[in-house]
Every structure is written in structure tokens, then in C-alpha cells.
Amino acid sequence: MQEIVQQIKGKQVAQKKFPFLLKEGIVFPPQLSLEQSSSEKTASYKSELLKGKKFIDLTSGFGIDAYYLSKNFNEITLVEQNPELLEIVEHNWTVLEKKARFINQKLEDFLTQNEETFDVIYLDPARRDNNKNKVFLLEDLSPNILEIQGKLLSISNEVVIKLSPLIDLKYLVSVLPGIFRIDIIALKNDVKEVVVFLSKENSAEITCNCVNIESEESVFTFKFGEEENAKATYDEPENLIYIPNNSILKAGVFNLISERFGLKKLHPNTHIYTSHEKINDFPGRILEVEVIDAKQIKKKSQFNIISKNYPLKPEEIKKKYGLKDGGENYLIFTQSKKGKIIIKSV
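Predicted, not measured: the structure shown is a model, and the values here were computed from it.

Colleague: I'm lost on the sheet that holds strand β13 (residues 270-275) in this one. Help?
Modeller: Whether parallel or antiparallel, the strands of a sheet pair through hydrogen bonds between backbone atoms. Across the sheet, which stays open at both edges, the 8 strands sit in the order β10-β12-β13-β11-β14-β17-β16-β15 with mixed pairing between neighbours. Two strands in the sheet have a free side with no partner beyond their single neighbour: β10 (233-234) and β15 (302-307). Sheet topology places β10 next to strand β12 (residues 264-267); 2 bridges connect them, and they run parallel. Residue pairing for β12: T233 is matched across the bridge by K264. Relative to the sheet, helix α12 (residues 314-321) contacts β15, β16 (324-336) and β17 (339-345), its axis offset from that of β15 by approximately 135°.

Here it is in C-alpha cells:
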């Protein structure tokens, strides 16, 4: 019965997260492995960035990333320390008619014994400690990235590491000297992964990409460090406001957005922008708006409520003004240089 329930749950997760596995004969692992797997959408995005002859995933897990990332490689190796999980992956890959070499071994033991080189190494370190608490600093992960980074770069031209969306970018750059690229990947405006690319050759510049999958927004690309020299301009709300997507907010390039798109910020700590003329390729939400007085808010009205750089949270605002959540219109509680303001979409 437990195995049947596991398969039912697996199919339910697969419908949203990796529908390509909804095939006859596919076996699903326990819930934790499903939760820790990348989604089909994020894995597919990453797969377009890598190619070569030999690919190895040192922490294959349920193998979703490996399945997609290895599509442009001739030789594929999967390393996984959990024998039951690796057996499931090997079975599923047979069903999917995809070939690979499967190695049941701890990553550290594999690296000690390995004499091969690879074009690309991929790993997704475990982000929970012995007490099952979430961790995200590189020295707290399993494996400890700081301890093995030298070994990884000695056997590969490129190392790609999936990290927590909570990781601090400045910290990353300070502890991993081989970084040449960082991708902040959001799916439907929910930041899912920070992916770092390392090379043996130290790059003078690190390229950062802010990506929002399943949106029509363009990728926002910048060089790490550009924000420090960027200068924002400020103004009160005009007829259009711009709210950056969450991958950009994660990157912290608030002044650069103002400078790059010619937009004015409302306040140094309010990451909302404004203009009179529409900027079509802006990577985020664009709303036509008007500034209103609190007296103009009618009770029981329905709005999507946004609170940014404002003392009250959306739930508190909803309660204070007797508002309903949802609908097509937005009510934004925020702050400009002149003080607290309320903005309504029109």
C-alpha cells in the first residue's frame, strides 16, 4: 500500500513539475526526492546553455537535471550515493530510451578514485544539515563546495552548481574565484535557483542573467559590479509604473534598472519605477496608474494588494480598509521621496 501511495503522489507531482515522466512504466521515488528535484522547466532552460562530449552529474538524485542537461553530450555519467534512488533512475532512463553510465558511490569517494576528465561537471549539493534544517552557505552544503572546488576544476573545463535562491551573490563571488557566469532563474516570477558557472580560467568580468521562465519578459543581463557605479534618478509617480520581476530584485540591481531603461525610482528604498512613455521590453510588470487618497478606497472593493517600503503588510492593509483580495486591479501602498502614497491601477 505504501508503494502504491508513493506512485500516486509521484504522478501528482509530475503533472505539474515534470510531465515528461507521465509515461507507462515510470517509477517515482519517495516524496523528499521529488521535492528536491528541479522542475522540467528550469532543467530545460539550463540544457540550452551546455554542450560537449562528456557530461557528469555528481549528485544526480532523481535525475531530472541530468536528463535535460546531458542532451547535447555523447557520454553521460550519473553518480548517486543512494542505491535505491539510482536503481529507479536507471529503470526510468531505460523506459525513456536514454543511455548513461550509473555509478552508486559517494561523491567524495568518486573524486578520490576518478582519473577521467569531463567537459562539464554538474552538481546540486544537499541543502539540509543532519537535523534536516535548510542551509545555504557553501561550507555547510553536502558536499562542501569550498573543499572540492579545486578538485572539480582539475578534471573539467566547466563546473555548473545549482544553489539555493537564498544565496548572497557577493558572498558567492568572494568565495568561488572561478565564477564567470551567474544565472538567477525564476519560474512564473518565483525564484527557484541560483546557478553558478565555474571555469579554470579566471574571468575578469562575471556575467549575470536574470531569467523569468514562462513569461514574455526578456532576460536582463549585466556585469557583476555594474550596480556599484550606476546612478538612479527619482520622481513622483507618473502615469506608468514598473515593478521588476523577482529575479531582478534578487540580483539587487536597483540603480542599474533606473539607468539602463531611463526610468525614475520613487524612493531609494522603493524598488518601483515610473515614466510617462512606455518601455516595452521592461522585465517585469507595467501598470497604468493614478495616485489616490485613502478616502477614495471603497470598502469591500477587490484588489491585488502590493506593499513595498510601507509600514503595513498586505494582510494588515486588507483588514484596515475592508478589502477583498484578487481581481484585475492593483492597489499599491508604497513610499516616494515625499512620503507614503497609494497608487491604483486604471
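Colleague: Help me understand the packing of aromatic side chains, please; the structure alone is not making it clear to me.
Modeller: Think of a pair of aromatic rings as described by two things: how far the centres are apart, and how the planes are tilted against each other in angle. Inspection of the entire model under this criterion finds 15 aromatic pairs. Ring plane angle 50° and centroid distance 6.3 Å describe the contact between F28 and F62, whose orientation is recorded as tilted. Of the two residues, F28 is situated in the loop between α1 (2-17) and α2 (31-36) and F62 in the loop between β1 (54-57) and α4 (64-69); the sequence distance between them amounts to 34 residues. Grouping residues by exposure puts F28 and F62 together as buried. A ring pair is formed by Y67 and W93, whose centres lie 5.9 Å apart and whose planes are at 85°; its orientation type is edge-to-face. Highlighted residues: Y67 in helix α4 and W93 in helix α5 (residues 83-95), separated in sequence by 26 residues. The rings of F20, Y67, Y68, W93 and F102 are connected pair by pair, giving a single aromatic cluster. Across from the ring centre of Y234, 4.3 Å away, lies the NZ or CZ of K337, which sits over that ring.

Colleague: I keep staring at the pattern of salt bridges and nothing clicks. Help me out?
Modeller: Oppositely charged side chains can pair when the atoms bearing their charge come close. For the structure on display, the rule yields 18 salt bridges. As a salt-bridge pair, E116 and K54 come within 2.8 Å of each other at their nearest N and O atoms. Of this pair, E116 sits in the loop between α6 (107-113) and β4 (118-123) while K54 sits in strand β1, and the two are 62 residues apart along the sequence. Residue classification places E116 among the partly exposed residues on the basis of a relative accessible area of 26%. Of the residues examined, K54 reaches a relative accessible area of 17% and is grouped as buried. Between R101 and E116 there is a salt bridge, with its nearest N and O atoms 2.8 Å apart. Here R101 is found in strand β3 (residues 101-104), whereas its partner E116 is found in the loop between α6 and β4, with 15 residues between them in sequence. Residue R101 is classed as partly exposed on the basis of its relative accessible area, which comes to 35%. Salt bridges linked by common partners bring K46, D65, D124, K162 and E193 together as one network.

Calculation criteria
- Residues numbered from 1 in each chain as written.
- Predicted model: local features only at pLDDT ≥ 70, side-chain atom pairs only at ≥ 80, totals over all residues.
- Heavy atoms only, no water.
- Pairing = 2+ DSSP bridges.
- Helix = DSSP H or I, 4+ residues; strand = E, 2+ residues; numbered from the N terminus.
- Contact = heavy atoms within 4.5 Å.
- Axes fitted to C-alpha atoms, helices over the stretch in contact; angles between N-to-C directions.
- Phe/Tyr/Trp six-rings, centres within 6.5 Å; stacked < 30°, edge-to-face > 60°.
- Buried < 20%, exposed > 50% of the residue type's maximum accessible area, 1.4 Å probe, protein only.
- Lys NZ or Arg CZ within 6 Å of the ring centre and 35° of its normal.
- Salt bridge = Lys/Arg side-chain N within 4 Å of Asp/Glu carboxyl O.

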